[in-house]
Amino acid sequence: MTRAHHRITRPCWVVLLWTLTACGQGEQVEETPTADPWFREEGGARGLVFEHRSGHGEAFYFPELMGGGAALFDMDGDGDLDAFCVQSGKLDAPEAVTEHRLFANRGDGHFDDVTAASGISTRGYGMGVTSGDYDGDGDTDLYVTQVGPNALLQNLGDGRFTEVTSAAGVGDDGWGTSACFFDKDGDGDLDLFVANYVDWSVDGELACFGPTGQPDYCGPTSYSATRSDVLYENRGDGTFADVSESSGIQATFGNGLGVVAGDFNGDDRPDLFVANDQTPDQLWINQGEGRFVDRAELTGCARDRNGTSRAGMGVDSADLDANGTLDLLVVHMAREHDGLFFNKGRFFTERTVEVGLGLATLQRTRFGVGFMDFNNDALMDAYVANGRVNLQMAPLVEDDPYAEPNTLLRGLPGGRFEDPLHRGGCEQVLHATSRGAAFGDVNGDGGVDVLVVNRDGPAHLFMNCAPARGHWLGVRAVDEQGRDVLGAFVTWTDRAGRVQRREVKSGFSYCSASAARAHFGLGEEQAGSLSVRWPGGTSESFAVHGVDRVMLVKRGEGEG
């Protein structure tokens, strides 16, 4: 596409200024602490030092606005969560080495930068990452999405990685964003789904402007160039086949930003939900025999209540109402309500406003997101990483016009949520242009921590310090060979019969990968029963000998 000048008139990327004054007044409230913090930012103090670089210079290249991501995963099998941060780089220097960073956990939540010794070296402009053991050797591998060919990093098991993209056949050259490993056909090998955003190039960049005529970034609908997502089938020998067309995934296109896999219709086959920016979201229902059909429109989770497509960014799924089905949260742009869809089995019902999420997030542009029980009170909370995408509103801080505070949403009895602090759960408000968010307990104290990558800023490692945390149980579900089983459904039932369900997954949020473990907050309870429904439909019960620990459950060793 030739370079052109035009004004931004898209509803997704234009934010009207009718509430600008009210927004400014609201920020003053955030500066005054009103409750005990739930998080402390300790990235630098714990050795996790990473500075994201978008490469922005004079030109406003669209991808500069959208990176990067992070992963919390156990790279060396020692039980501790290590970290990987995605660097973006320079769009006009695609052959330059991209300086991603790998951090090894010392075992207490402090980190060492081991990038140099790891052998990680890729070229291209980085966006996001997902994790999974694609080759079945027991070591968690990484797949990095990029503008241009993506990169598969095989974990060699000794702290070293090697790039095997070409050999594995997974080097899609689109603008990859979020991705996830999942076992679509139940053969024990992890397949790979990659969401693509816009068919974009440096030479085809457009010129867009803010309300006062200042240069600004364009949005996705300026380009009218959606690109199909990609589905790779694992052959079981370390290589993949591109089955995007034969599977039906290419039947509809969208501006893909977020993806999560899960069994949304209860047939024991993993499905896919894709959050699209200004195009209808997609719910790819697994038909078996390698086929998928988009049922988002039919089941009521493709658009908002008025039939309008929203700016889908990040996404997560969880069984919020303990009815045995996975509900969905899709986060959006400022002035758009998030989409909280409750799964009723054959259809979804949106209840965003009814549960308190309407005004709680409306002022922010939301990207990374995750459902977690941060204070271990047996009620699911949520964390959202925020950052603007245009210059339509007055800056909150001088040095970054896109920066916003993040959001912590506390779960309440009755399924409602509230923002208890109005400052992202921290003692003082932190402003950043946050993108990817990864979740996991990095210091093993039972509190889920959050790693956030910020555009053109330092990564934030938010250590959980929620007051009066309850008891907890972490569950790692593995197969007979000791490999994490993505898609396993873990259920905890306490002595009073209260049920919590968690799906084991890694790829969700935005451009990020989280710990592949089920985490249960137990409140005051210290006894209960645990069962696992494995992919394919078999179930087992496991005896629980104590809580406040991570429990390993292996398929075939429970009572079925």
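Everything numeric in this text was worked out from a predicted model, so none of it was measured.

## Details of the overall build of the protein
Looking only at helices and strands, the protein features five helices and 41 strands. Scaling as 2.2 N^0.38, a compact globule of 560 residues should have a C-alpha radius of gyration of about 24 Å, and the protein matches this with 22 Å. Seen through its C-alpha atoms, the protein measures out along the principal axes to roughly 65 × 55 × 50 Å. Within the span of the protein, comprising 560 residues, buried residues form 59% of the whole. Sequence-distant contacts, at least 24 apart, represent 61% of the contacts inside the protein between residues at least 6 apart. When the accessible surface of the protein is split by element, carbon and sulfur atoms take 48% of a total near 20,100 Å². Taking the average place of the 45 positive charges on the side chains of the protein and the average place of its 86 negative ones, the gap between the two points comes to 4 Å.

## What about the sheet that holds strand β35 (residues 499–503)?
The four strands are arranged β35-β34-β39-β40 in an open sheet whose pairing can be described as antiparallel. The open sheet has two edge strands with one neighbour each: β35 and β40 (539–542). The sheet shows a mean angle of 20° between the axes of neighbouring strands, direction not considered. Two strands pair when backbone bridges link them, and strand β34 (residues 489–494) and β35 are joined in this way by five bridges, in the antiparallel orientation.

## Focus: unusual backbone geometry
Cis geometry marks the peptide bond from Gly67 to Gly68, where omega comes out at 5°. Looking at the element boundaries, Gly68 is found in the loop between β1 (39–41) and β2 (70–73). Of note, Glu289 is a non-glycine position whose phi angle comes to about 55°, a positive value. Locating Glu289 in the fold gives a position in the loop between β20 (282–288) and β21 (291–294). Here Cys511, not a glycine, exhibits a phi torsion of approximately 55°, which is positive. Looking at the element boundaries, Cys511 is found in the loop between β36 (507–508) and β37 (512–513). When its relative accessible area of 0% is taken as the criterion, Cys511 is described as buried.

## Some points on the environment of Val194
By the secondary structure assignment, Val194 is in strand β13 (residues 191–196). Taking C-alpha positions, Val194 is 6.5 Å from Gly176, a pair spaced 18 residues apart along the chain. Setting aside residues no more than four positions away along its own chain, Val194 makes contact with Tyr143, Thr145, Asn150, Gly176, Ser178, Ala179, Asp229, Val230 and Tyr232.

## Brief notes about the pairing of strand β31 (residues 449–454)
Most of β31 sits inside the fold, with six of its six residues counted as buried. Where burial is concerned, the two faces of β31 agree: the one with Asp449, Leu451 and Val453 and the one with Val450, Val452 and Asn454 are both buried. Two elements, strand β30 (residues 434–440) and β31, share five bridges in a ladder whose sense is antiparallel. If you follow Gly440 over to β31, its bridge partner there is Asp449. When β31 meets strand β32 (residues 460–464), the two strands line up antiparallel, connected through three bridges. Paired with Val452 across the two strands is His460, which belongs to β32. Hairpin remark: β31 followed by β32, antiparallel, with five residues in the connecting loop; positive phi at Asp456, about 50°.

## Examining the nonpolar core
Counting 42 residues, the largest nonpolar core has Phe62, Met66, Trp175 and Trp200 as the members making the most contacts within it. Elements with a contribution of two residues or more to this core: β8 (125–132), β24 (339–343), β26 (366–372) and β27 (381–386). For this core, the element with the most residues is β26, which contributes three residues. With 34 residues, the next largest nonpolar core counts Phe181, Ala516, Trp534 and Val547 among its residues.

## Here's the deal with the sheet that holds β31
What links the strands of a sheet is backbone hydrogen bonding, and the strands pair in either a parallel or an antiparallel sense. On the basis of which strands lie adjacent, the open sheet formed by four strands has the order β1-β32-β31-β30 and antiparallel pairing. The sheet is open, and its two edges are formed by β1 and β30, each paired on a single side. Averaged over all adjacent pairs, the angle separating strand axes in this sheet is 25°, with direction ignored.

## Notes on the state of the cysteines
Summed over the entire model, instances satisfying the criterion amount to one disulfide. Of all cysteine sulfurs in the structure, the one in Cys511 sits closest to Cys180, which takes part in no disulfide; the separation is 12 Å.

## Observations regarding the domain arrangement of the protein
The domain architecture assigned to the protein consists of domain 1 (41–471) and domain 2 (472–554). If you look at the interface, domain 1 gives 64 residues, while domain 2 gives 34 residues. Of the roughly 3,400 Å² buried at the junction of domain 1 and domain 2 (both faces included), carbon and sulfur atoms supply 51%. For the pair domain 1 and domain 2, the number of links is three salt bridges. The shortest N-O distance in the salt bridge between Arg501 and Asp319 comes to 3.7 Å. The interface formed by domain 1 and domain 2 includes 25 residue pairs in polar contact (both at pLDDT 80 or more). Those elements that place two or more of their residues in the side of domain 1 that touches domain 2 are β2, β8, β12 (176–182), β18 (256–262), β22 (315–318), β26 and β30. Partitioning the side of domain 1 that touches domain 2 into residue classes produces 28 nonpolar, 25 polar and eleven charged.

## Some details on the environment of Ala195
Along the chain, the position of Ala195 falls in strand β13. Ignoring anything within four residues of it in the chain, the contact list for Ala195 reads Trp175, Gly176, Thr177, Ser178, Asp229 and Gly256.

Cut-offs and rules
Residues numbered from 1 in each chain as written. Predicted model: local features only at pLDDT ≥ 70, side-chain atom pairs only at ≥ 80, totals over all residues. Heavy atoms only, no water. Helix = DSSP H or I, 4+ residues; strand = E, 2+ residues; numbered from the N terminus. Rg over C-alpha atoms; globule rule 2.2 N^0.38 Å. Buried < 20%, exposed > 50% of the residue type's maximum accessible area, 1.4 Å probe, protein only. Contact = heavy atoms within 4.5 Å. Areas by Shrake-Rupley, 256 points an atom, 1.4 Å probe, with all protein chains shown as cover. Lys, Arg positive; Asp, Glu negative; His and termini not counted. Charge placed at Lys NZ, Arg CZ, Asp CG, Glu CD. Pairing = 2+ DSSP bridges. Axes fitted to C-alpha atoms, helices over the stretch in contact; angles between N-to-C directions. Core = buried A, V, L, I, M, F, W, Y, C linked by side-chain atoms within 4.5 Å. Disulfide = S-S within 2.5 Å. Domains from an automatic or database assignment. Buried area = accessible area lost by both parts, 1.4 Å probe. Salt bridge = Lys/Arg side-chain N within 4 Å of Asp/Glu carboxyl O. Polar contact = N/O pair within 3.5 Å; in protein donor to acceptor, adjacent residues only side chain to side chain. Nonpolar A, V, L, I, M, F, W, Y, C, P; charged D, E, K, R; others polar.

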